[in-house]
Amino acid sequence: MAAVEGKLRRLALLEKWNLVALGLILAGVSLRLMLLKQHWPWTDSDEGVFGLMARHIAYQGEHPTFMYGSFYMGPLQAYLGAAFFHLFGSSLLALRLGLVMLFVLFLVALYLLVRTLYTPGLGLLTLTLLSLGSPYMLTYQLRSYGGYLEILLCGTLALLIATWLALSTSSTLSWRRLLLRCGGYLAWGIVVGLGLWSDMLILPLLGLSGLLIVLFCWRELVRLFPIVCMLGGLALGMWPLLAYNLHAPPGLDTLSAVTVQQQGPVPLHYTPALVWQQIKATILLSLPTISGNPFCPVSEVPVLRDPTSAPTLACRLIHLGWGTGYLLLFLVALGLAGWDLWRLGRRPRLESKADLQADLVRASARLLLLIAAAITLVLFIHSLAPLKWPSLHGRYLIIFWIALPAILWPLWQGARATWSFLPRLHQPGRAICLALLLLLLLFYGIGTAQAFSQTSTAQVYYQQDMAFVHRLEELGVTHFYSDYWTCYKVAFLSQERLTCGVVNQQLQPGYIRYWPYYWATHSDRQAAYVLPRGDYEVALQGLLTQQNRRYRLTLYGDYCIVQPEG
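The following paragraphs examine the structure supplied in this document. Everything numeric in this text was worked out from a predicted model, so none of it was measured. (Residues numbered from 1 in each chain as written. Predicted model: local features only at pLDDT ≥ 70, side-chain atom pairs only at ≥ 80, totals over all residues. Heavy atoms only, no water.)

**Observations regarding the overall build of the protein chain**
And step 1. For the protein chain, the count of helices and strands is 22 helices and five strands.
And step 2. Relative to its length of 566 residues, the protein chain is compact, with a C-alpha radius of gyration of 26 Å against a globular reference of 24 Å.
And step 3. Along the three orthogonal principal directions, the C-alpha set of the protein chain runs to about 95 × 55 × 50 Å.
And step 4. Among the 566 residues that make up the protein chain, the fraction classed as buried is 52%.
And step 5. Considering only residue pairs separated by 6 or more positions, the protein chain has 73% of its internal contacts joining residues 24 or more positions apart.
And step 6. Accessible area of the protein chain: about 26200 Å², with a carbon and sulfur share of 67%. (Helix = DSSP H or I, 4+ residues; strand = E, 2+ residues; numbered from the N terminus. Rg over C-alpha atoms; globule rule 2.2 N^0.38 Å. Buried < 20%, exposed > 50% of the residue type's maximum accessible area, 1.4 Å probe, protein only. Contact = heavy atoms within 4.5 Å. Areas by Shrake-Rupley, 256 points an atom, 1.4 Å probe, with all protein chains shown as cover.)

Here it is in structure tokens:
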């Protein structure tokens, strides 16, 4: 009777935890919808490409396999945007509603994972932190860039399903249980396939979730039915990727595209100085940016209009302190996870075999999650990303958001532990761990407040962009040549009333993601040139001084609008 009452109390407590989790998720959604309603974050041409894809899916019946102009990033966000376009019409807000839905599903999956591997309390802390966040973090949750939210959702689901399969494995299976587990293996394969199609950055986490299945479910795997289910789900989830690569020309396959993205068109010649530069940039800029440092933001691409700070000594110290502290905490978490697993392996076999197996599964999953983050970090350091725009490219470390509870676990334990082996440090240790967790909450709250403080700027940018679109329409422009960061943004905001061809500073074809626009512009003899001042001024002067054709110049803000006459 006492055992039944204890179980009921635990269930009641768990229900309370779940209700609090639901409240935190709803609060996070509300914050994001308020930001989106005020046009924050401001849009750019990368998002414009996804908006155009969504329009073509919704209204023209297109079914793209990848983001326009790439061979490795699945356009799931564009398909979701197309669905919301059918409901609410084509708009920037409708495009972004799909991102909110993906983020909500990620939070639910992450809470279930943390509750399974750690404690519900740590799950609530993680939800609280991720419901907030720095402007950089919130931007990659609310601006349609493709791949990143899919990494979060599919990576978390893959590890959650793998953990469930490992915890529930059994030597004897009824037909009903067999079907349930087949469904689990099939679901894991689908999630993994969808994740690989979306973005290859997810590969370390997916691979290690598969390793967890191999380690604890190998008795089932030798029966072959789980392997058939996993392979079937994998093929189903990544079918568009497989179908493309079966007929892809050499050099245009996904593997080649990912290799170029990682190493650049020319392989790097690694030297100790170069490696040190990569490590330093990662610690000073990439890690602080992706982990939510709200202070001293760095914007390496001025055209994106993101806030940036002066490289003062104070800012350098903040970046160094945050990056070093975060890296040390990660290494401590990695070491403790390995120690916990080693200690479990040496535990006397006196307790229940089922309990020991469950503890081994949880400890292994914790360690594998941190190893996936470590592999991601090593690959990032080894790439071009920290050498070119290390702050902007911090998004390639987005797996660290999934690993956040694992990284915080030492602080969570320290804030609650008795520290019996160091009684004199008991109270100071708990106070330090608790203070660090509270500071992190405070800093994430500051970051969220910063995002809301930028909403007036976002509305100004949106009004300026729309005024620019209206001005081009007043001038009679329908097709125009422009730079990348103007072209696709204007095309989407104008609902494709204006279409464009991207050109470089010599007015030759530039970074073109959607060739039909370029060919339509090229075939229009009345196509205008809408180019930002500065880098394009030499080419524009040459255009205006041509003898065989006359052009009319209109200045608008930072743009030169050159239209042919006659």
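Still to come is the rest of the account.
**A short note on the sheet that holds strand β5 (residues 559–564)**
In any sheet, the strands associate via hydrogen bonds between backbone groups, in a parallel or an antiparallel arrangement.
And step 1. The sheet built from five strands is open, its strands ordered β2-β1-β3-β5-β4 with mixed pairing. At either end of the open sheet lies a strand with only one pairing partner, and these are β2 (499–502) and β4 (551–556). Averaged over all pairs of adjacent strands, the angle between their axes in this sheet comes to 25 degrees, without regard to strand direction.
And step 2. Bridging between strand β3 (residues 528–532) and β5 involves four bridges; their strand directions are antiparallel. Bridging from a neighbouring strand, Leu 531 pairs with Cys 560 of β5.
And step 3. Along the sheet face, helix α20 (residues 484–493) touches β1 (479–482), β2 and β5 and points at about 160 degrees away from the line of β2.
And step 4. Packing against the sheet, helix α21 (residues 515–522) makes contact with β1 and β2, and its axis sits at approximately 100 degrees to β2. (Pairing = 2+ DSSP bridges. Axes fitted to C-alpha atoms, helices over the stretch in contact; angles between N-to-C directions.)

**A closer look at unusual backbone geometry**
And step 1. Between Trp 40 and the following residue, Pro 41, the backbone shows a cis peptide bond with an omega angle of 0 degrees.
And step 2. With respect to the element layout, Pro 41 can be found in the loop between α1 (2–37) and α2 (45–60).

**Overview of the nonpolar core**
And step 1. Ranked by internal contacts, the top residues of the largest apolar core, which has 122 residues, are Ile 213 and Leu 408.
And step 2. Considering each element in turn, this core owes the most residues, 15 residues, to helix α15 (residues 353–381).
And step 3. When near neighbours in sequence (up to four residues on either side) are disregarded, Ile 213 contacts Ala 162, Leu 165, Tyr 185, Trp 188, Trp 218, Leu 221 and Met 230.
And step 4. Among the nonpolar cores identified, the runner-up in size contains 58 residues, and Met 53, Phe 85, Val 469 and Ile 512 belong to it. (Core = buried A, V, L, I, M, F, W, Y, C linked by side-chain atoms within 4.5 Å.)

**Section: the packing of helix α5 (residues 120–131) against helix α17 (residues 404–416)**
And step 1. Taken N-terminus to C-terminus, the directions of α5 and α17 make an angle of 120 degrees; their axes are 10 Å apart at the nearest point. For the element pair α5 / α17, the angle class is oblique. In the crossing of α5 with α17, the sense of the turn from one axis to the other is right-handed. Taken together, the residues of α17 that come into contact with α5 (itself represented by Gly 121, Leu 122, Leu 125, Thr 126, Leu 129 and Leu 130) are Leu 404, Pro 405, Leu 408, Trp 409 and Trp 412.
And step 2. Tallied by class, residues from the contact of α5 with α17 come to nine nonpolar, two polar and no charged. (Parallel < 35°, antiparallel > 145°, perpendicular 65-115°, else oblique. Left-handed = near helix turned anticlockwise from the far one by under 90°. Nonpolar A, V, L, I, M, F, W, Y, C, P; charged D, E, K, R; others polar.)

**Remarks on the pattern of salt bridges**
And step 1. Taken as a whole and assessed by the stated rule, the structure comprises ten salt bridges.
And step 2. For Arg 305, the salt bridge goes to Asp 465, with nearest N and O atoms at 3.3 Å. Of this pair, Arg 305 sits in the loop between α13 (272–290) and α14 (313–345) while Asp 465 sits in helix α19 (residues 455–474); the two residues are 160 residues apart in sequence, bridging distant segments of the chain.
And step 3. Measuring nitrogen to oxygen at the nearest pair gives 3.2 Å for the salt bridge that ties Asp 340 to Arg 343. One end of the pair is Asp 340 and the other is Arg 343, both in helix α14 and three residues apart, which spans about a single turn.
And step 4. Within this structure, Arg 305, Asp 465 and Lys 489 form a network of salt bridges that share partners. (Salt bridge = Lys/Arg side-chain N within 4 Å of Asp/Glu carboxyl O.)

**Let's talk about the side chain of Thr 254**
And step 1. With respect to the helices and strands, the residue Thr 254 is situated in helix α12 (residues 254–263).
And step 2. Excluding residues within four positions of it along the chain, Thr 254 makes contact with Phe 66, Phe 71, Tyr 72, Met 200, Leu 241, Tyr 244 and Asn 245.

**Details of the packing of helix α8 (residues 175–198) against helix α10 (residues 225–237)**
And step 1. Where α8 meets α10, the axes come as close as 6 Å, and the angle between the chain directions of the two elements is 35 degrees. In this structure, α8 crosses over α10, and the sense of that crossing is right-handed. Here Leu 178, Cys 182, Tyr 185, Leu 186, Trp 188, Gly 189, Ile 190, Val 192, Gly 193, Leu 194, Leu 196 and Trp 197 of α8 come into contact with α10, specifically with Phe 225, Pro 226, Cys 229, Met 230, Gly 232, Gly 233, Leu 234, Leu 236 and Gly 237.
And step 2. A class-by-class count of the residues in the contact of α8 with α10 yields 16 nonpolar, five polar and no charged.

**Observations regarding the pairing of β2**
And step 1. Burial along β2 is two-sided: Thr 499 and Gly 501 facing one way and Cys 500 and Val 502 facing the other are all buried.
And step 2. Examined bridge by bridge, β1 and β2 share four bridges and lie parallel to one another. Paired with Ser 482 across the strands is Val 502, a residue of β2.
And step 3. In the classification by handedness, the crossover that spans β1, the intervening α20 and the parallel β2 is right-handed. (Right-handed = clockwise from strand over helix to strand, strands pointing away.)

**Some details on the environment of Ile 318**
And step 1. As for its position among the elements, Ile 318 is in helix α14.
And step 2. A relative accessible area of 31% means that Ile 318 is categorised as partly exposed.
And step 3. Here the alpha-carbon distance between Ile 318 and Pro 288, two residues 30 residues apart in the chain, equals 9.1 Å.
And step 4. With residues up to four places along the chain from it excluded, the contact list for Ile 318 reads Asn 293, Phe 295 and Cys 296.

**Considerations on the state of the cysteines**
And step 1. For the structure shown, the criterion picks out two disulfides.
And step 2. A disulfide bridge connects Cys 296 with Cys 315, and the sulfur atoms are separated by 2.1 Å. Taking the torsion about the S-S bond as the criterion, the Cys 296 to Cys 315 disulfide, at about -75 degrees, is left-handed. Of this pair, Cys 296 sits in the loop between α13 and α14 while Cys 315 sits in helix α14; the two residues are 19 residues apart in sequence, bridging distant segments of the chain. (Disulfide = S-S within 2.5 Å.)

**Points about the packing of aromatic side chains**
And step 1. Summed over the entire model, instances satisfying the criterion amount to 28 aromatic pairs.
And step 2. Summarising the aromatic geometry, the rings of Tyr 68 and Tyr 514 are spaced 4.6 Å apart at their centres and angled 25 degrees between planes, so their arrangement reads as stacked. You can see Tyr 68 sitting in the loop between α2 and α3 (76–88) and its partner Tyr 514 sitting in the loop between β2 and α21, a full 446 residues away along the chain. A single burial state applies to Tyr 68 and to Tyr 514, both of which are buried. (Phe/Tyr/Trp six-rings, centres within 6.5 Å; stacked < 30°, edge-to-face > 60°.)

**Structural notes on a nonpolar patch on the surface**
And step 1. A cluster of nonpolar side chains, namely Val 332, Leu 336, Trp 339 and Trp 342, defines an oily patch on the protein surface of about 400 Å² accessible area.
And step 2. Tracing the sequence through the fold places Trp 342 in helix α14. (Patch = residues over 30% accessible without salt bridge, like charges linked within 9 Å, V, L, I, M, F, W, Y side chains within 5 Å.)

**Notes on the pairing of β1**
And step 1. The sheet contact formed by β1 and β3 spans two bridges and is parallel. Bridged to Tyr 481 within β3 is Tyr 529.

Function cannot be inferred from these measures alone, as they are strictly geometric.
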